[in-house]
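# Tertiary structure, described
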Amino acid sequence: MSEIISFPAINEDFRKLLEILPPAIRENLEQYSTLDQLMEVVMDLGRIPEARFSNETVELGTFPITKEDLNYSIARVGTFSGDNRAGIERTLHRISAIRNRTNEIIGLTCRIGRAILGTISMISDLVETGKSLLLLGRPGVGKTTALREIARVLADEFNKRVIIIDTSNEIAGDGDVPHPAIGRARRMQVARPELQHQVMIEAVENHMPEVIIIDEIGTELEALAARTIAERGVQLVGTAHGNRLENLIKNPTLSDLVGGIQAVTLGDDEARRRGSQKTVLERRASPTFEIAVEMLERQRWAIHNDVAKTIDLLLRNHEPGLEIRTINSAGEVEKIEESLVTTNELTAQKEISKSNSVNKPRGWRTSGRMLPVTLLDEDEQESQKNNFDQLIEKSWYLREEITDKVRTPGPNGEDWPVYVYPYGVSKGQLEQVLEIMELPIVLTKDLDEADVVLTLRTQAKTNSKLKQMAKNRQIPVHAIKANSIPHITKGLHRILGQDEHKIPDSLGLAFFNQANSEDELEALEETRLAVEQIVIPRGQPVELLPRSARIRKMQHELVEHYRLHSDSFGEEPNRRLRIYPA
């Protein structure tokens, strides 16, 4: 047993946590001298209570938890919100509930909240830059504690107007009066977790902050609100689900935080220069957060000073350079620079790895004949170039297994189906639109068999080879602006010469076809996400971002398509939509 410490030695906040625990559990817990390392106390019905320290887990007594024990604690904490979290007024502790099927609480996790000065000493220089900062890391690594300290430093030491969006009252504590740990920063509470994105926008529009701090960005609506805030010139400091930046790239819900990912078709020269396939993934826009910090351990953080550059390198399968910061035994910050690996070194390493692989891939690109031009002598470069050009030339004449066209007359005597040759357009999204809309269109890989070419506007302008081959075969070229379902749908409608409002609309795609600007498309996409991810599955109302009268009318129509009800409320220019469940 560890050395017993006296009760007065425990700080005031921790004493308040002990007071909510049943007496028997409290007495057992007070015996430990390592309470400064306590992370949480777990109480599950019918099980022995546990105390979880940073390096061990110990049982508190020999008697299992009863309903009376749980009720004792529940009666001494605040109200549990929609995310099953409560707190103790004027403290940073978080009490999370586990419920059974009848909504009764059968377990409690009492997590210790601490305000620790100097937590952000490793990144104080980054906080001072005024750039938006994203913190990543596993649960319990200290993200919320760092946010709390960042809020205090920016508000007290730099005299900035800081507002914290405190969804679970975890940053500034429970109750109406925020904990002193956030200094002069202000706190806005959120009634329900699904309204977090709305409160984020409200904070910017109503309170003129210079800094917005948000914990746990987890939905597309919140990611969209974060981008809106950053584009208004407000410094954004937040955390997101994921340990590394690679997790955000693979997460379609949060990828917009790092700029969003899209498929792009490269020109012949660029594909040759990169030594890659012609269709690659690239960043769609500037990242919402300019700097990212991966909290690997409590005192070991990896810094990405340029998120845009890091994402570009990751998408090209290159290892980005990192700056590792740690705290030594003397309490000083140590920085370890990891230099970038050059493209040629990476390519050589990958080729060696391929040659040593047991299950070596087969095909032109992995045969060894597709080495980057920079690694070959002049004769080999010329041979490589000729072979590559021949391969590209052959790709225009790929034959389908079955090339016989089966035609049936359309309503106005047209020859249906229409055979479309897609170039640079996402095949997956094309097939999705064709399946939903049931359009009389067949995709073909053979340009000679095609009736029309569908491509991106950038390809139509810059790809002279495509234009020349289409002209020689007298095949029309239809260009669309972007690789998105609304733009693809519009392009297919134009090919068929159909009125868009007459097309079957099983998923509301016709509403997107009415959009004439990126703002309208963004507003409709926000509406669709709110309905399909919150209103219908959770049965909860959602408030959208403020929009103009014309855009609100389009949003109302899309909501009616889902057979739901919506109202507009608020004063211009902050008038917005509220969507209600059925």
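Residues numbered from 1 in each chain as written. Predicted model: local features only at pLDDT ≥ 70, side-chain atom pairs only at ≥ 80, totals over all residues. Heavy atoms only, no water.

### With respect to the overall build of the protein
In terms of regular secondary structure, the protein is built from 19 helices and 26 strands. Counting across all 582 residues of the protein, residues that qualify as buried make up 46%. Of the contacts formed within the protein by residues at least 6 apart in sequence, a portion of 60% connects residues at least 24 apart. Looking at the protein as shown, the accessible area adds up to about 29400 Å², and 47% of this sits on carbon and sulfur atoms. (Helix = DSSP H or I, 4+ residues; strand = E, 2+ residues; numbered from the N terminus. Buried < 20%, exposed > 50% of the residue type's maximum accessible area, 1.4 Å probe, protein only. Contact = heavy atoms within 4.5 Å. Areas by Shrake-Rupley, 256 points an atom, 1.4 Å probe, with all protein chains shown as cover.)

### Description of the nonpolar core
Counting residues in each nonpolar core, the largest one holds 36 residues, and the members touching the most others are Ile165, Ile212, Ile229, Leu245, Leu248, Leu257 and Ile311. Mapped by element, the contributors of at least two residues to this core are β7 (133-136), β8 (162-166), α6 (196-207), β10 (211-217), α7 (220-231), β11 (235-240), α8 (245-250) and α10 (307-315). Non-local contacts of isoleucine 212, meaning those with residues more than four positions away in its chain, are made with Ile163, Ile165, Ala203, Val204, Ile229, Val234, Gln235, Leu236 and Val237. Among the nonpolar cores identified, the runner-up in size contains 29 residues, and Val127, Leu133, Leu147 and Ala155 belong to it. (Core = buried A, V, L, I, M, F, W, Y, C linked by side-chain atoms within 4.5 Å.)

### Comments concerning helix α5 (residues 143-157)
Over its 15 residues, α5 runs 21 Å from end to end, which matches the ideal 21 Å to within 8%, given 1.5 Å per residue. Across the 15 residues that make up α5, a large majority, 13, are buried. (Expected span 1.5 Å × (residues − 1).)

### Observations concerning the confidence of the model for the protein
Should the pLDDT be low somewhere, the predicted coordinates at that spot are not to be read in detail. The share of residues in the protein with pLDDT of 70 or more is 81%, and the mean pLDDT across the chain is 80. Within the model, the stretch residues 1-10 combines pLDDT values under 50 with 22 contacts to residues more than four positions away or in other chains. Overall, residues 391-403 carries pLDDT values under 50, and its contacts beyond four positions in sequence, including any with other chains, amount to 27 contacts. (pLDDT = per-residue confidence, 0-100.)

### Remarks on the sheet that holds strand β20 (residues 418-423)
Ordered by their spatial adjacency, four strands build an open sheet running β21-β20-β22-β23, and the pairing between neighbours is parallel. What marks the edges here is a single partner per strand, and that holds for β21 (441-443) and β23 (477-480). Averaged over all pairs of adjacent strands, the angle between strand axes in this sheet comes to 35°, irrespective of strand direction. Of the pairings in the sheet, the one linking β20 to β21 comprises three bridges and is parallel in character. Across the sheet, residue valine 418 finds its bridge partner in β21, namely isoleucine 441. (Pairing = 2+ DSSP bridges. Axes fitted to C-alpha atoms, helices over the stretch in contact; angles between N-to-C directions.)

### So, the environment of tyrosine 419
Position of tyrosine 419 among the secondary structure elements: in strand β20. In this structure the C-alpha to C-alpha distance between tyrosine 419 and valine 453, which are 34 residues apart in sequence, comes to 8.8 Å.

### Structural notes on the pattern of salt bridges
A complete count under the given rule lists 30 salt bridges for this structure. Between arginine 244 and glutamate 294 there is a salt bridge, with the nearest N and O atoms lying 2.4 Å from each other. Here the residue arginine 244 occupies a position in the loop between β11 and α8, and glutamate 294 occupies one in strand β14 (residues 291-297), the gap between them amounting to 50 residues. Ionic pairing is found between arginine 550 and glutamate 520, a salt bridge with its closest N-O pair at 2.2 Å. Of this pair, arginine 550 sits in helix α19 (residues 549-561) while glutamate 520 sits in helix α18 (residues 518-538); the two residues are 30 residues apart in sequence, bridging distant segments of the chain. Looking at arginine 550, the relative accessible area reads 44%, which means it is partly exposed. (Salt bridge = Lys/Arg side-chain N within 4 Å of Asp/Glu carboxyl O.)

### Focus on the environment of proline 541
On the secondary structure map, proline 541 appears in the loop between α18 and β24 (542-543). The class for proline 541 is partly exposed, based on a relative accessible area of 24%. When the C-alpha atoms of proline 541 and tyrosine 580 are compared, they prove to be 4.5 Å apart, with 39 residues separating the residues in sequence. Sequence-distant contacts of proline 541, defined by excluding residues within four places in its chain, comprise Arg192, Glu194, Leu195, Ile579, Tyr580 and Pro581.

### A word on the packing of α6 against α7
Contact pair α6 / α7: the axes reach a minimum separation of 8 Å and the direction vectors enclose 15°. Relative to α7, the element α6 is oriented roughly parallel. Crossing geometry of α6 relative to α7 is assigned as left-handed. Along the contact surface, α6 presents Gln196, His197, Met200, Ile201 and Val204, while α7 presents Leu221, Glu222, Ala225, Ala226, Thr228 and Ile229. Among the residues making up the contact of α6 with α7, the classes are represented as seven nonpolar, three polar and one charged. (Parallel < 35°, antiparallel > 145°, perpendicular 65-115°, else oblique. Left-handed = near helix turned anticlockwise from the far one by under 90°. Nonpolar A, V, L, I, M, F, W, Y, C, P; charged D, E, K, R; others polar.)

### Regarding the sheet that holds strand β4 (residues 85-87)
Taken in spatial order, the six strands line up as β3-β2-β1-β6-β5-β4 in an open sheet, and their pairing is antiparallel. Two strands bound the open sheet, and with one partner strand each, they are β3 (57-59) and β4. Taking the axes of each pair of neighbouring strands and ignoring which way they run, one obtains an average angle of 20° across the sheet. Contacts from helix α3 (residues 67-74) reach β1 (38-44) and β6 (105-111) within the one sheet, and its direction differs from that of β6 by about 50°.

### Thoughts on unusual backbone geometry
Following glutamate 572, the chain continues to proline 573 via a peptide bond in cis, the omega torsion being 5°. Counting through the fold element by element, proline 573 comes out in the loop between β25 (565-569) and β26 (576-580). In this structure, asparagine 169 takes a positive phi of about 55° despite not being glycine. Here asparagine 169 is to be found in the loop between β8 and β9 (186-189). The exposure class of asparagine 169 is buried, given its relative accessible area of 15%. At asparagine 317, a residue that is not glycine, the phi angle is positive and equals roughly 65°.

### A look at the packing of aromatic side chains
Applying the stated criterion across every chain yields a total of one aromatic pair. The ring of tyrosine 72 has arginine 76 sitting right over it, with the charged end atom 3.6 Å from the ring centre. Of note, arginine 578 hangs over the ring of phenylalanine 569, and the distance from its end group to the ring centre comes to 4.1 Å. (Phe/Tyr/Trp six-rings, centres within 6.5 Å; stacked < 30°, edge-to-face > 60°. Lys NZ or Arg CZ within 6 Å of the ring centre and 35° of its normal.)

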